[in-house]
Amino acid sequence: DGGITQSPKYLFRKEGQNVTLSCEQNLNHDAMYWYRQDPGQGLRLIYYSQIVNDFQKGDIAEGYSVSREKKESFPLTVTSAQKNPTAFYLCASRWDRNSNQPQHFGDGTRLSIL
Amino acid sequence: GESVGLHLPTLSVQEGDNSIINCAYSNSASDYFIWYKQESGKGPQFIIDIRSNMDKRQGQRVTVLLNKTVKHLSLQIAATQPGDSAVYFCAETGNTGGFKTIFGAGTRLFVKA
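Overview of the structure. What you are looking at is a predicted structure, and each value in this text was computed from that prediction instead of being measured.

What follows covers the interface of chain A and chain B. Across the contact, 22 residues belong to chain A and 25 residues belong to chain B. The largest per-residue losses of area from chain A upon contact with chain B belong to Gly40(A), Asn100(A) and Pro102(A), which jointly make up 32% of the total buried on that side. Our count for the contact surface shared by chain A and chain B stands at 1 salt bridge. Where Lys100(B) meets Asp59(A), a salt bridge forms, and the shortest distance between an N and an O atom there is 2.6 Å. Across the chain A-chain B interface, the total number found is 8 residue pairs in polar contact (both at pLDDT 80 or more).

Written as structure tokens, this is what we have:
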């Protein structure tokens, strides 16, 4: 089945630690996205990538970093500079950033602070 | 739609009744709209979409209505079932700002058996 796989489902971060969230898709989509979801709020865009080796900051990129070395993979690193990392993180993809299409989402990673 | 604060709007309906979930979108330049369903601990699932050149679109048990005059979107679910219990949120996209998608906070739907 085609889809987006996020791992791990739950992640705990110690103070001062960087953690990396995995996102893999086998939909052959060009565009990939990372969102943060907090209770009672809409999804907020962290980073997005239109093609391999290219990515752009979203609305809340501070304290996060990404890479796009392969079309299928778009990992997100939550660095120690992100002072409030506790949230539900969602990865999404779609065929092409420059068109009106729905995004497909993974099932998220819940990050908490130890 | 936009919601402020930690508490989502809630809609409680009896099983078998119809549900109507509303969304006020923010950008008059938006021309593509999507409804998503999100169950607890899972990612959002696409339900139905509509483009701005339409005012109504129907799917299986769901209908989306678009009123561009007042920037309002609604999702109607016919014969609501317990499996419909979830958070529903709308999203809007336009061809300005690089097709950025803006997501509403959502409405929590409870279905009473």
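Right, let's get into a nonpolar patch on the surface. The grouping of Tyr10(A), Phe12(A) and Leu114(A) at the surface amounts to a nonpolar patch, some 390 Å² of accessible area in total. With respect to the helices and strands, the residue Leu114(A) is situated in the segment after strand S11 (109-113).

Glancing now at the packing of aromatic side chains. Applying the stated criterion to the full structure yields 12 aromatic pairs over all chains. On the numbers, 6.1 Å between centres and 75° between planes, the contact of Phe105(A) with Phe103(B) is edge-to-face. Of this pair, Phe105(A) sits in strand S10 (residues 104-105) while Phe103(B) sits in strand S9 (residues 101-103), each in a different chain. Across the pair, Phe103(B) and Phe105(A) agree in class, each one buried. Ring geometry for Phe89(B) and Phe103(B): centres 6.0 Å apart, planes at 70°, overall edge-to-face. Residue Phe89(B) is found in strand S8 (residues 86-93), and its partner Phe103(B) is found in strand S9; the two are separated by 14 residues along the sequence. Each member of the pair, Phe89(B) together with Phe103(B), is buried.

Reading the values: rules and limits
Residues numbered from 1 in each chain as written. Chains lettered and ligands numbered in written order. Predicted model: local features only at pLDDT ≥ 70, side-chain atom pairs only at ≥ 80, totals over all residues. Heavy atoms only, no water. Contact = heavy atoms within 4.5 Å. Buried area = accessible area lost by both parts, 1.4 Å probe. Salt bridge = Lys/Arg side-chain N within 4 Å of Asp/Glu carboxyl O. Polar contact = N/O pair within 3.5 Å; in protein donor to acceptor, adjacent residues only side chain to side chain. Patch = residues over 30% accessible without salt bridge, like charges linked within 9 Å, V, L, I, M, F, W, Y side chains within 5 Å. Areas by Shrake-Rupley, 256 points an atom, 1.4 Å probe, with all protein chains shown as cover. Helix = DSSP H or I, 4+ residues; strand = E, 2+ residues; numbered from the N terminus. Phe/Tyr/Trp six-rings, centres within 6.5 Å; stacked < 30°, edge-to-face > 60°. Buried < 20%, exposed > 50% of the residue type's maximum accessible area, 1.4 Å probe, protein only.

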